[in-house]
Structure formats: structure tokens, C-alpha cells
Amino acid sequence: MPNVLVAGKIHEAGMEILRNAPGFTVTLVPEVSVESYAPHLPQADALLIRTQPMTAKEIASATQLKMVSRHGVGYDSVDVEALSERHIPLTIVGDVNSLSVAEHTLTLLLTLAKRITWFDRGIRANEWNRRNTFSAVEIAHRQLFILGFGRIGREVARLAQSFRMQVAAYDPYLPDEVFQQQKVERITDINEGLKHADAVSVHLPLSGDKPLIGQAELALMKPGAFLINTARGGIVDEDALAQALADNHLGGAGLDVLKAEPASLSDALLQQSDRLILSPHTAGLTEEAAMRMSVSAATNIVDYFNGQLDDKLVVNKQVLALQNLMSQLP
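What comes next concerns the included structure. (Residues numbered from 1 in each chain as written. Predicted model: local features only at pLDDT ≥ 70, side-chain atom pairs only at ≥ 80, totals over all residues. Heavy atoms only, no water.)

1. A few points about the sheet that holds strand 2 (residues 25-29)
Inference 1: Spatially, 2-1-3-4-5 is the arrangement adopted by the 5 strands of the open sheet, whose pairing is parallel. Sheet topology places strand 2 and strand 5 (90-91) at the edges, where each strand pairs with a single neighbour.
Inference 2: Where strand 4 (residues 67-70) meets strand 5, 2 bridges bridge the pair, whose relative direction is parallel. The partner of Val68 across the bridge, within strand 5, is Leu90.
Inference 3: Sheet contacts for helix 1 (residues 12-20): strand 1 (3-7), strand 2 and strand 3 (46-49); angle to strand 2, the most-contacted strand, approximately 150°.
Inference 4: Its contacts with the sheet place helix 12 (residues 287-305) against strand 1, strand 3, strand 4 and strand 5, and it is angled at close to 160° to strand 4. (Pairing = 2+ DSSP bridges. Helix = DSSP H or I, 4+ residues; strand = E, 2+ residues; numbered from the N terminus. Contact = heavy atoms within 4.5 Å. Axes fitted to C-alpha atoms, helices over the stretch in contact; angles between N-to-C directions.)

Spelled out as C-alpha cells, the structure:
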């Protein structure tokens, strides 16, 4: 009888799938933290985890763990190598939140361009005459440079084109046809794309320890350009971004992700209140996406124990292949 540990509250639709699965027991730990779920790991056969870290230490304590299901598509916070050493597959959800993240991206861009939060604060401070600054801009006919042209990046392009933006994108792993089908200009040099963009939107995974967008890259961007990051914290050098905003080099930045989450209120970046908009890693957390995410994450667990897991949703596929091979041995 598999015991499933759900580390962090998820949509009830996913919980119902687990509760109704014959032979399964479920332990829910609502708080999203390592400290809250770690004590339950020794009894868990499967773990459904949200954004909290899972290091080699936690994996070692989960002595009967057989699989881990991520409630999302990213897995930067999970030690995949440590799982693979234990022959434990890690699954992610399918395409459940592309639309939500893309909508959030355009929301941040439009909010910056129209200076919505600045005007809102002005009204509340009895500064009605901020309207006479004419500081809002239109996004039509401006160029959006998309870094990463996967499902989310392509949806962002579609939405941006509906606002009559000119869209260019960078993604070294896709064939030319993908860009052509979307009527998007392909950029092969990130620096060239940054130089000509009126807005930059990041949709790439975190790779290595060095930020993709650092001081040098920010300096290449047009004065007054906007930067949006709804991908991963750490992709943008936050200290360099704080300085670029303080120097009025950028028109603004919209971040849904930060290197440290929850945010440290003492960080220099958070002091840039005029042209910085933050959201607490919620781009993909609409009600609709949360339901689809929970259903997908829960279904991965049930399918695994029933021998029906979709291997396209497995991160460390070699583990699943090894398990299948061993099951066929006499």
C-alpha cells in the first residue's frame, strides 16, 4: 500500500485523485518548507513536492521512497543526481501552465509600459498631476525579444503579436521552422537581441551558477527598455539590475521569480520601488493552472505504481529504463 506524502497544499482536484486511488494512503503537509515535510520522509513511498528544496540529505532519509512527482515543470531545487543514484524517478507535469505564465508575462509588461502601479500610488498620495508626465508608452510596434522559445515563449509571442509587437526570439535547440511558423525573427546571438529590444522576456531554465543577464548584458539593453523574468530566480543578476534601475538605464523590470524566495526585504533590488514590479512566483498559479498541475502531479504518482507512467514526463529517464529492464529479469 503506497503512502504518498504531499509536501505543500495543492488543488483539491489532485488530492481527490490520490484519495480515491485504491490501495493508496495520503499524508498532507500544507506548509511549503523543508522543515515541515522532512520528518515524514522515512514513511513515504512517493513524494509530491512543490517548490521547496529536496537535497541529498532529504533523499537519504527517505529510505523507502520509490518516486518523486514535482508539482510543476522546473526541478532546480531537486537533487536529481541523488535521486538517480537511488534509482528513483523524478516526474514533472505536462503543459499545464503555459497560458497562465504567458498572460502573467504580458501583464507585467503592460503594467510597466502604462506605469499602472506608479499612477496608482500617485492617486493615493494625492498626486493627481502625475497624469501630466506623459510617461506611459505604447507597446505596439515595439520589439519584444524572447529568451527561450518553448511552449511558454511561443505563447508569449502569440499574445504579444496580438498587441502588434514585433517579436524576435532566441533558442538554440529548435529548428528554423518553429520560428517561421510563429512569424518570429530568429536571433542566434543573445547580445545582438538585447541591443535592439524594447522589451526582453526570459523563459529559459537556470544553467550553471552565473546569471544569464548580468551587468554587461543589462548595459547592452536600450535606455528605457523593459526586462521581464517569469522563468527562474538567479537568471538575472539582481544587484546589477538594482543598479540599472537606480541609474534610470532601464524603463522598468517585472519579476515573478527571485534568487532567494521568500524575498529578503533588505536586498538592494527591493528598494527600487518606482519602476520595479514583483509578484511572489505566482505566474503559473492561476486557479485553472493549479487544478491542471495538481491533477498531472497526482496522476504521475498513481500511474507509476500502476505501471502506466508516461516516460515523457520523467526527468531522469535512465532510471525508468533500468527499472523496466530489471523487472523483466528472471
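Here the narrative resumes.
2. Some details on the sheet that holds strand 11 (residues 252-255)
Inference 1: Overall, parallel pairing links the 7 strands, which are arranged 8-7-6-9-10-11-12 in an open sheet. The open sheet terminates on both sides in strands that have one partner only, identified here as strand 8 (185-186) and strand 12 (276-278).
Inference 2: Bridge count between strand 6 (residues 143-147) and strand 7 (residues 166-170): 5 bridges; the pairing is parallel. Its bridge partner lying in strand 7, Gln143 is registered against Gln166.

3. Here we look at the pairing of strand 4
Inference 1: The two faces of strand 4 match: Met67 and Ser69 on one face and Val68 and Arg70 on the other face are all buried.
Inference 2: Relative to strand 4, strand 3 is paired through 4 bridges, and the arrangement is parallel. Following the sheet pairing, Ala46 is matched in strand 4 by Met67.
Inference 3: Where the polypeptide runs from strand 3 across helix 3 (residues 56-61) and back to strand 4, its parallel neighbour, the crossover connection is right-handed.
Inference 4: The β-α-β motif built from strand 4, the intervening helix 4 (residues 80-85) and the parallel element strand 5 has right-handed crossover chirality. (Buried < 20%, exposed > 50% of the residue type's maximum accessible area, 1.4 Å probe, protein only. Right-handed = clockwise from strand over helix to strand, strands pointing away.)

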